[in-house]
Amino acid sequence: MNLIFMGPPGAGKGTQAERIVETLNVPHISTGDAFRAAMKEGTALGIQAKSFVDQGLLVPDEITVGIVKERLEQPDCTKGFLLDGFPRTVVQADALGSILNEMNRSIDVVLDLAVDRDRLLARLTGRRICKSCGATFHLIFNPTKVEGKCDKCSGDLYQRADDHEEKVGTRLDEYISKTAPLLAYYSERELVKSVNGEQAIDAVTEEIMNTLRGTNQ
Ligand code: ADP
Ligand code: AMP
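Residues numbered from 1 in each chain as written. Chains lettered and ligands numbered in written order. Predicted model: local features only at pLDDT ≥ 70, side-chain atom pairs only at ≥ 80, totals over all residues. Heavy atoms only, no water.

K.L.:
Is there a simple way to think about the nonpolar core in this case?
P.N.:
Note that soluble globular proteins tend to have their nonpolar side chains buried in a common cluster. Within the largest apolar cluster, 22 residues are counted, with the highest numbers of intra-cluster contacts made by I4, L72, L83, L96, I107 and Y186. Contributing elements (two or more residues each) for this core: β1 (2–6), α4 (61–72), β3 (81–84), α5 (90–102) and α8 (181–188). Top contributing element to this core by residue count: α5, with five residues. (Core = buried A, V, L, I, M, F, W, Y, C linked by side-chain atoms within 4.5 Å. Buried < 20%, exposed > 50% of the residue type's maximum accessible area, 1.4 Å probe, protein only. Helix = DSSP H or I, 4+ residues; strand = E, 2+ residues; numbered from the N terminus.)

And the structure:
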């Protein structure tokens, strides 16, 4: 299955992707994770992306499309993929269409995780990530058993710089002006399935799996 997870920052895309890819056995491709890894390693890509990511702005399309194209050409993507956080602009969506077309492939479904803005603010400011394995938690909604330590690997947790309150507003505004129009774009192509992202984490996973089963029939 070739899947896209859409939805504003904090909607739960990464949390759900971590769970769903195990069941679907497809790679999880997160452009946000790719930028953070490159920034941590200090590669040329990381240096280019850093000023945008740190300000909560979208990284320019040509940079972002390049990394996704390279990733989709890897052999593990032949069995399918889950794109999380890409595309985020109409230019990126058009580029993705062309890349897949050249590979004789197409998107099967765009899952839109819908969550209202107040909830997003609470989710983003309380998000904590494991430094070692990248697992995502939340201080209140998905706390770790031991404070500050990852449940999966005991690594230390940190707060993303762009999850501080002053950056979150910019990110949500970027979503509304540049990414939300993609819902109409993919609706015209009859690919969008909406999922209620305001439910508890397990209930959202269940709704996603039910939706995918329906799509597969
Ligand atoms: P995204 O990848 O869409 O930006 P995340 O999956 O990282 O969002 O989730 C944002 C924050 O909200 C995380 O701290 C996560 O633990 C928490 N979260 C995710 N899904 C839910 C949910 N259904 N209910 C409450 N909190 C959630
Ligand atoms: P995320 O982890 O999805 O919240 O992304 C974190 C940051 O990475 C965003 O705020 C952007 O700066 C950058 N980013 C991730 N995906 C994209 C994309 N598709 N287009 C442009 N910038 C992106």
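K.L.:
Sorry if this is basic, but what is going on with the site of ligand 1 here?
P.N.:
Within the structure, ligand 1 sits among 20 residues, and G14, T15, R127, F137 and Q199 are positioned closest to it. Measuring from a nitrogen atom of ligand 1, one finds a side-chain N or O atom of R123 at 3.3 Å. Between ligand 1 and F137, the relevant distance is 2.7 Å, taken from an oxygen atom to a main-chain nitrogen or oxygen of the residue. Compared with its free state, where it exposes 570 Å², ligand 1 has 92% of that area covered by protein. Secondary-structure elements contributing two or more residues to the shell around ligand 1 are α1 (13–24), β6 (136–138) and α9 (201–216). Class assignment for the residues of the shell around ligand 1 results in eight nonpolar, nine polar and three charged. (Near = heavy atom within 4 Å. Polar contact = N/O pair within 3.5 Å; in protein donor to acceptor, adjacent residues only side chain to side chain. Areas by Shrake-Rupley, 256 points an atom, 1.4 Å probe, with all protein chains shown as cover. Nonpolar A, V, L, I, M, F, W, Y, C, P; charged D, E, K, R; others polar.)

K.L.:
Please clarify how the packing of aromatic side chains should be interpreted in this entry.
P.N.:
Evaluation of the coordinates by the stated rule reveals one aromatic pair. Relative to Y186, the ring of Y185 has its centre 5.0 Å away and its plane inclined at 80°; by these criteria the two rings are edge-to-face. Its relative accessible area of 3% is what places Y186 among the buried residues. Over the aromatic face of Y185 sits the side chain of R189, whose NZ or CZ is 3.8 Å from the ring centroid. (Phe/Tyr/Trp six-rings, centres within 6.5 Å; stacked < 30°, edge-to-face > 60°. Lys NZ or Arg CZ within 6 Å of the ring centre and 35° of its normal.)

K.L.:
When you look at the sheet that holds β6 in this model, what are you seeing that I'm missing?
P.N.:
To summarise the sheet geometry, strands pair through backbone hydrogen bonds and adopt either a parallel or an antiparallel arrangement. With antiparallel pairing, three strands are arranged side by side in an open sheet as β6-β5-β7. Each edge of the sheet is formed by a strand with only one pairing partner; in this case those strands are β6 and β7 (157–158). Relative to β7, strand β5 (residues 127–130) runs antiparallel, the two sharing two bridges. Looking across to β7, one finds that I129 is bridged to Y158. (Pairing = 2+ DSSP bridges.)

K.L.:
So what exactly am I meant to see when it comes to the site of ligand 2 here?
P.N.:
Lining the immediate surroundings of ligand 2 are 16 residues, of which T31, R36, L57, G85 and Q92 lie closest. In this structure, an oxygen atom belonging to ligand 2 sits 2.9 Å away from a side-chain N or O atom of R88. Between an oxygen atom of ligand 2 and a side-chain N or O atom of R171, the distance comes to 3.4 Å. The element contributing the most residues to the shell around ligand 2 is helix α2 (residues 31–41), with four residues.

K.L.:
Would you take a moment to explain α1 for this structure?
P.N.:
An α-helical turn contains 3.6 residues, so a residue and the one three or four places further along point in the same direction. Here α1 is 12 residues long and its end C-alpha atoms lie 15 Å apart, about the 16 Å a rise of 1.5 Å per residue gives. Along α1, the positions that sit buried rather than exposed are K13, T15, Q16, A17, I20 and V21. Remark: N25 follows α1 within two positions and exhibits a positive phi of approximately 55°. (Expected span 1.5 Å × (residues − 1).)

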